[in-house]
Amino acid sequence: MNTAAMDLSVEGLACRRAGRTLFRDVAFTLRSGEVLQIEGHNGSGKTTLLRILCGLTRPAEGRVCWAGEDIRDNYAAYATHLSYVGHHAGIKEELTPLENLAFAAALGGAGGGSPEQALQRVGLPFECEELPCRKLSAGQRRRVALARLLLVSSRLWVLDEPFTALDVAGRALVETLLREHAAQGGMAVVTSHHAVDLEGCTVQQLHLG
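Note that the coordinates shown come from a computational prediction; the quantities given were computed from them, not determined experimentally.

**So, the overall build of the protein**
So, step 1. Within the protein one finds six helices and nine strands.
So, step 2. A compact globule built from 209 residues would reach a C-alpha radius of gyration of about 17 Å, and the protein, at 17 Å, matches this within 12%.
So, step 3. C-alpha atoms of the protein, sized along the principal axes, occupy 50 × 35 × 35 Å.
So, step 4. Looking at the protein as a whole, 49% of its 209 residues are labelled buried.
So, step 5. Considering only contacts within the protein whose residues lie at least 6 apart along the sequence, 71% involve residues at least 24 apart.
So, step 6. Carbon and sulfur atoms provide 48% of the accessible area of the protein, an area that totals close to 9,900 Å².
So, step 7. The distance from the centre of the 21 positive side-chain charges to the centre of the 23 negative ones in the protein is 6 Å.

Structure, rendered in structure tokens:
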């Protein structure tokens with residue numbers, strides 16, 4: 001894989017469901033330090049597009065490339081650069097936040113810092129760290145998912161409605177994390193129904209539908 005230019009490029013993507021075309025001819029290139037914000041009404045295919053970018057769903061047409069290579073040709077290598085947070089937090093509810101982060105670090109490789117530091121950064125109350133995640137509120141579980149982004153060193157973040165269940169302070173935190181990630185050379189693809197303050201970032205916008 002060409003490590004000199006770790007760009008995400010999309011060429012002619014199309015998606016069809018039940019005989020209906022959700023989107024077609026989607027193309028963009030995302031480079032270091034950039035954020036792509038995807039907009040569109042419900043049912044326009046935003047989540048499906050993110051799943052295609054993550055290699056979880058196959059497009060009807062087109063391809064997704066990382067560093068110039070189709071992600072299907074070397075998906076294992078691509079996955080080491082990717083962190084995905086979907087509508088659901090993607091955490092194991094029978095485990096505690098600390099156990100979830102330890103598990104994620106073991107799978108994805110820790111990027112620095114400790115699980116405790118990551119949870120502190122996202123504002124999870126200390127008394128919640130060793131509770132099973134099923135006992136946490138939706139907003140607290142979302143914070144655990146965000147802490148995973150900080151703990152695992154991934155160049156590309158793919159975030160589907162990351163502001164879901166968060167209060168005003170939580171939404172501001174997400175914006176700060178995105179700005180910091182871009183400033184450090186990372187890149188992100190984000191869907192959101194909220195206006196997002198990414199001042200200082202290079203932001204592309206893609207409207208579906």
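Back to the write-up after that little detour.
**Comments concerning the pattern of salt bridges**
A side chain with one charge can pair with a side chain of the opposite charge if their charged atoms come near.
So, step 1. Enumeration according to the criterion identifies eight salt bridges in this entry.
So, step 2. With a shortest N-O distance of 3.7 Å, arginine 141 and glutamate 93 are connected by a salt bridge. You can see arginine 141 sitting in helix H5 (residues 138–151) and its partner glutamate 93 sitting in the loop between strand S6 (82–85) and helix H3 (97–108), a full 48 residues away along the chain.
So, step 3. Among the residues examined, glutamate 93 registers a relative accessible area of 38% and is labelled partly exposed.

**Some details on the sheet that holds strand S7 (residues 156–160)**
Strand pairing in a sheet relies on backbone hydrogen bonds, with the paired strands running either antiparallel or parallel.
So, step 1. With respect to topology, five strands assemble into an open sheet ordered S6-S7-S8-S3-S9, the strand pairing being parallel. Looking at the sheet topology across the chains shown, the edges are occupied by S6 and strand S9 (202–207). Taken pair by pair, the neighbouring strands of this sheet meet at an average axis angle of 15°, ignoring direction.
So, step 2. Inspection of the sheet shows S7 paired to strand S8 (residues 187–191) by five bridges, in the parallel sense. Its bridge partner lying in S8, valine 158 is registered against valine 189.
So, step 3. Contacting S6 and S7, H5 crosses the sheet at an angle of about 175° to S6.
So, step 4. Relative to S7, helix H6 (residues 168–183) is tilted by about 160°, and along the sheet it contacts strand S3 (34–39), S7 and S8.

**Looking at H6**
So, step 1. End to end, H6 covers 23 Å across 16 residues, agreeing with the expected 22 Å (1.5 Å per residue, within 8%).
So, step 2. For H6, the set of buried residues is Gly170, Leu173, Val174, Glu175, Leu177, Leu178, His181 and Ala182.
So, step 3. Those residues of H6 that are buried are in contact with S3, helix H4 (115–121), H5, S7 and S8.

**Some words on the nonpolar core**
It is characteristic of soluble globular proteins that their nonpolar side chains tend to be buried jointly.
So, step 1. Grouped together as the largest cluster of nonpolar side chains are 34 residues, with contacts concentrated most on Leu119, Trp157, Leu159 and Leu178.
So, step 2. Secondary structure elements with two or more residues in this core: H3, H4, H5, S7, H6 and S8.
So, step 3. Setting aside chain neighbours within four positions, we find leucine 119 in contact with Pro97, Leu98, Leu101, Leu124, Glu129, Val144 and Ala147.
So, step 4. Met6, Val10, Phe23 and Leu206 belong to the second-largest nonpolar core, a separate cluster that totals 29 residues.

**Digging into the side chain of threonine 96**
So, step 1. Its location among the elements puts threonine 96 in the loop between S6 and H3.
So, step 2. Beyond its immediate sequence surroundings of up to four residues, threonine 96 is in contact with Glu129, Glu130, Leu131, Pro132 and Cys133.

**A word on unusual backbone geometry**
So, step 1. The residue glutamate 161 is not glycine, and still its phi comes out positive at about 50°.
So, step 2. Note on placement: glutamate 161 falls in the loop between S7 and H6.
So, step 3. We classify glutamate 161 as buried; its relative accessible area is 5%.
So, step 4. Residues other than glycine seldom take positive phi values, yet alanine 165 does so here, at roughly 70°.

**Describing the environment of glycine 186**
So, step 1. Locating glycine 186 in the fold gives a position in the loop between H6 and S8.
So, step 2. Once the C-alpha coordinates of glycine 186 and serine 154 are considered, the two residues, 32 residues apart in sequence, prove to be 7.8 Å apart.

Conventions and cut-offs
- Residues numbered from 1 in each chain as written.
- Predicted model: local features only at pLDDT ≥ 70, side-chain atom pairs only at ≥ 80, totals over all residues.
- Heavy atoms only, no water.
- Helix = DSSP H or I, 4+ residues; strand = E, 2+ residues; numbered from the N terminus.
- Rg over C-alpha atoms; globule rule 2.2 N^0.38 Å.
- Buried < 20%, exposed > 50% of the residue type's maximum accessible area, 1.4 Å probe, protein only.
- Contact = heavy atoms within 4.5 Å.
- Areas by Shrake-Rupley, 256 points an atom, 1.4 Å probe, with all protein chains shown as cover.
- Lys, Arg positive; Asp, Glu negative; His and termini not counted.
- Charge placed at Lys NZ, Arg CZ, Asp CG, Glu CD.
- Salt bridge = Lys/Arg side-chain N within 4 Å of Asp/Glu carboxyl O.
- Pairing = 2+ DSSP bridges.
- Axes fitted to C-alpha atoms, helices over the stretch in contact; angles between N-to-C directions.
- Expected span 1.5 Å × (residues − 1).
- Core = buried A, V, L, I, M, F, W, Y, C linked by side-chain atoms within 4.5 Å.

By themselves these figures say nothing about function.
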